[in-house]
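# Examination of the molecular architecture
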Amino acid sequence: MGEYVLVTTTEVDENMMIKKPGAINGGFFQKTDDVASQYPSVVIQVDDLKESMKKVEGAGGKIHGEPMEIPGVGLIVSFFDTEATG
């Protein structure tokens, strides 16, 4: 995924999901002038992305861009929460 640097802190299964509840893995993108890269990013797994996008907007959050496919993982979309200043 381009400039994304993966950080692994715990074991994953064949679906790249963590094996130990409460543990996290993650990574880093290079900071750019894009407003979305100015803030920390927390990834949340959901069962239904489109429904979750509706809930974010209904709660006052703002969807940033369109969902995109991460090969072998699934869809991802960014959003700003209700406390966003950008």
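Residues numbered from 1 in each chain as written. Predicted model: local features only at pLDDT ≥ 70, side-chain atom pairs only at ≥ 80, totals over all residues. Heavy atoms only, no water.

### Considering the overall build of the protein chain
The following threshold applies: Strands here are runs of E lasting at least two residues and helices are runs of H or I lasting at least four, both read from the DSSP assignment and numbered beginning at the N terminus. To sort residues, take the accessible area from a 1.4 Å probe on protein chains only and compare it with the maximum for the residue type: under 20% means buried, over 50% means exposed, and anything in between is partly exposed. Working rule for contacts: check all heavy atoms of both residues, and any pair within 4.5 Å makes them a contact. To be clear on the numbers: accessible area is Shrake-Rupley with a 1.4 Å probe, and residue cover counts the displayed protein chains and nothing else. When charges are counted, neither His nor the chain ends are considered; positive counts come from Lys and Arg and negative counts from Asp and Glu. Charge placement uses NZ in Lys and CZ in Arg. For Asp and Glu, CG and CD serve respectively.
In terms of helices and strands, the protein chain carries 1 helix and 4 strands. Principal-axis analysis of the C-alpha atoms places the extent of the protein chain at approximately 35 × 30 × 25 Å. A total of 86 residues make up the protein chain; the buried ones form 14% of that total. The contacts of the protein chain with a sequence gap of at least 6 include a subset with a gap of at least 24, amounting to 27%. For the protein chain, the accessible area works out to roughly 7300 Å², and carbon and sulfur atoms hold 55% of it. Both charge centroids of the protein chain, one from 7 positive and one from 14 negative side chains, sit 3 Å from each other.

### Some details on the nonpolar core
To keep it simple, the criterion reads: Residues enter a nonpolar core if they are buried and are Ala, Val, Leu, Ile, Met, Phe, Trp, Tyr or Cys, with the set joined through side-chain atoms within 4.5 Å.
Membership of the largest hydrophobic core is limited to 5 residues, which are Leu49, Met53, Val56, Ile63 and Val77. Ignoring any residue separated from it by four or fewer positions in sequence, one finds leucine 49 in contact with Pro67, Leu75, Ile76 and Val77.

### Considerations on the pairing of strand S4 (residues 74-80)
Our working rule: Note: two strands are recorded as paired if DSSP finds a minimum of 2 bridges between them.
Relative to S4, strand S3 (residues 62-70) runs antiparallel, the two being bridged by 6 bridges. Opposite methionine 68, over in S4, you have isoleucine 76 as the bridge partner. The antiparallel hairpin formed by S3 and S4 contains 3 residues in its connecting segment, where glycine 72 sits at a positive phi of about 80°.

### Digging into helix H1 (residues 49-58)
So the rule is basically this: Think of the arc as the fan of directions from the helix axis to the C-beta atoms. Here a polar contact is taken to be a pair of N or O atoms separated by no more than 3.5 Å, where protein atoms must pair a possible hydrogen donor with a possible acceptor and residues adjacent in sequence count only if both atoms sit in side chains.
Along H1, the residues classified as buried are Leu49, Ser52, Met53 and Val56. One face of H1 carries all of its buried residues, which in axial projection span an arc of 105°. Residues of H1 that are exposed and point more than 90 degrees away from the buried face comprise Lys50, Lys54, Lys55 and Gly58. Summarising the contacts, the buried residues of H1 are in contact with S3 and S4. The opening residue of H1 is aspartate 48, an N-cap whose side-chain oxygen sits 3.2 Å from the backbone nitrogen of lysine 50.

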